[in-house]
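Per-entry structural report
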Amino acid sequence: MSSISYEDVKAAGGRIAGYVRPVTVAPVDPGAFGPGEGWLAYEFTQHTGSFKARGAANFIAAHLEAGSMPEAGVVIASGGNAGLACAWAAGRHGIRATVFLPETAPAVKVAKLRVLGADVRQAGTEYAAALEASREHAARTGALESHAYDHPLIAAGAGTLLEEILTALPGLDTVVVAVGGGGLFSGVAAAARHHGVRVVAVEPENCRALNAAVEAGRVVDVPVDSVAADSLGARRVSETALYWARQEGAVSLLVPDEAIVGARQSLWDDRKLAVEHGTAAAFAALRSGAYRPAPGERVCVVVCGANTDPSDLVRSAG
């Protein structure tokens, strides 16, 4: 297992400073999180529309520093967001990026990838099939293989988000994140452990790679069947994520699709935030009562991605 440490997160922060957008933190209405004090971290305003830009920027910068970027460029498999981030980070340095997506990837993400100049290829109906195709491409061409979540540089880059949240919210008790493959969770958890902050990991009931791994005591394959599968649809979580989920101060929760849909609609109706279903999963944990803060507990929910078609939000809102 390639785990990460707080020192890795700090090193990532130095590499990507000035390249990523600092996160904005906004308070929620009193009582919205029960007896706790609540905020939302607007990471969906990040480059390419998700937190993934942090890990991608760190990955590219570290390989350029080490002189290990091949002429064939970089290749990645993704549900969409990691591919967008990889294409953006590579493009800043004139590096070729090949992105493999499932055939079910949202059209909005495919279109954005092409605008960023990526070589877009689609394979299978799940992330796992795209991953296999990307590995075959790397072996055939010599391209540097990145990963949507299971790489120490990717996870460490994601962890820089918590450092920024704590700058805005000193004394924070709890941070809530949605989990797919576990890159964001791993990085945030590594930083959170250093600062004594609790991390609540939220997954859809039918995309529960981390929760199932915690239950089994090992990484296991799980079915992928959720409205949030395009961004949280990893069949298995990383070993690093399982390690951090088993540490003191980590909580793993599940929410049903109905709660995710309701939370996403609520973010639009109340704040005009058009976010992905996967992003709304974290907010759903508070809104549905799956996570109940203690009186006075200071909680921040990471709103991590907005690469979505908002037309269904507008229609259902009337």
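Everything below is about the structure printed above this text.
Below, the structure is looked at part by part.

So, how was this worked out
Residues numbered from 1 in each chain as written. Predicted model: local features only at pLDDT ≥ 70, side-chain atom pairs only at ≥ 80, totals over all residues. Heavy atoms only, no water. Axes fitted to C-alpha atoms, helices over the stretch in contact; angles between N-to-C directions. Helix = DSSP H or I, 4+ residues; strand = E, 2+ residues; numbered from the N terminus. Parallel < 35°, antiparallel > 145°, perpendicular 65-115°, else oblique. Contact = heavy atoms within 4.5 Å. Nonpolar A, V, L, I, M, F, W, Y, C, P; charged D, E, K, R; others polar. Pairing = 2+ DSSP bridges. 1 Å grid on protein atoms, 1.4 Å probe; cavity = no way out; pocket = protein on both sides within 12 Å on 5 of 7 lines; lining within 4 Å. Points joined across faces, edges and corners; volume = space filled by probe spheres on them. Salt bridge = Lys/Arg side-chain N within 4 Å of Asp/Glu carboxyl O. Buried < 20%, exposed > 50% of the residue type's maximum accessible area, 1.4 Å probe, protein only.

We now examine the packing of helix α1 (residues 6-16) against helix α2 (residues 52-66). Look at α1 against α2: their axes get within 9 Å of each other, and the N-to-C directions meet at 85°. With respect to their mutual orientation, α1 and α2 come out roughly perpendicular. Of α2, the residues touching α1 (which contributes Ala12, Arg15 and Ile16) are Arg54, Ala57, Asn58, Ala61, Ala62 and Glu65. Classifying every residue of the contact of α1 with α2 gives 5 nonpolar, 1 polar and 3 charged.

Our focus in this paragraph is the sheet that holds strand β2 (residues 37-42). In spatial order, the strands read β1-β2-β10-β7-β8-β9; together these 6 strands make up an open sheet with mixed pairing. Either end of the sheet is taken by a strand with one partner, and the two such strands are β1 (25-27) and β9 (250-255). Looking at each pair of strands side by side, their axes are set apart by 25° on average, direction ignored. Here strand β8 (residues 198-204) runs beside β9; their pairing, made up of 6 bridges, is parallel. The partner of glutamate 203 across the bridge, within β9, is leucine 254. The strands touched by helix α7 (residues 183-195) are β7 (174-178), β8, β9 and β10 (298-303); relative to β8, the strand with the most contacts, the crossing angle is about 165°. Contacting β8 and β9, helix α8 (residues 209-216) crosses the sheet at an angle of about 110° to β8.

Here the largest pocket defines a volume of roughly 520 Å³. What lines the largest pocket is a set of 36 residues, and nearest its centre among them are Ala229, Asp230, Ser231, Leu232 and Gly233. Every element with two or more residues in the lining of the largest pocket is listed here: α3 (81-91), α7, α9 (229-232) and α12 (277-287). Looking at which element gives the most residues to the lining of the largest pocket, the answer is α9, with 4 residues.

Further remarks concern the pattern of salt bridges. Close approach of charged atoms lets side chains of opposite charge pair. Across all of its chains, the model carries 14 salt bridges by this definition. Among the ionic pairs, lysine 10 bridges to glutamate 163, the shortest N-O distance being 3.8 Å. Taken together, the residues span a long stretch of sequence, with lysine 10 in helix α1 and glutamate 163 in helix α6 (residues 152-168) at a distance of 153 residues. Judged by relative accessible area, lysine 10 falls into the partly exposed class, the value being 47%. Among the ionic contacts, a cluster of salt bridges with common partners joins Glu43, Arg54 and Glu164.

A few words now on the packing of α3 against helix α4 (residues 107-115). As a packed pair, α3 and α4 sit with axes 9 Å apart at the nearest point and diverge in direction by 10°. One finds that α3 runs roughly parallel with respect to α4. Note on element contacts: α4 touches α3 through Lys109, Lys112 and Leu113, opposite Asn81, Gly83, Leu84 and Ala87.

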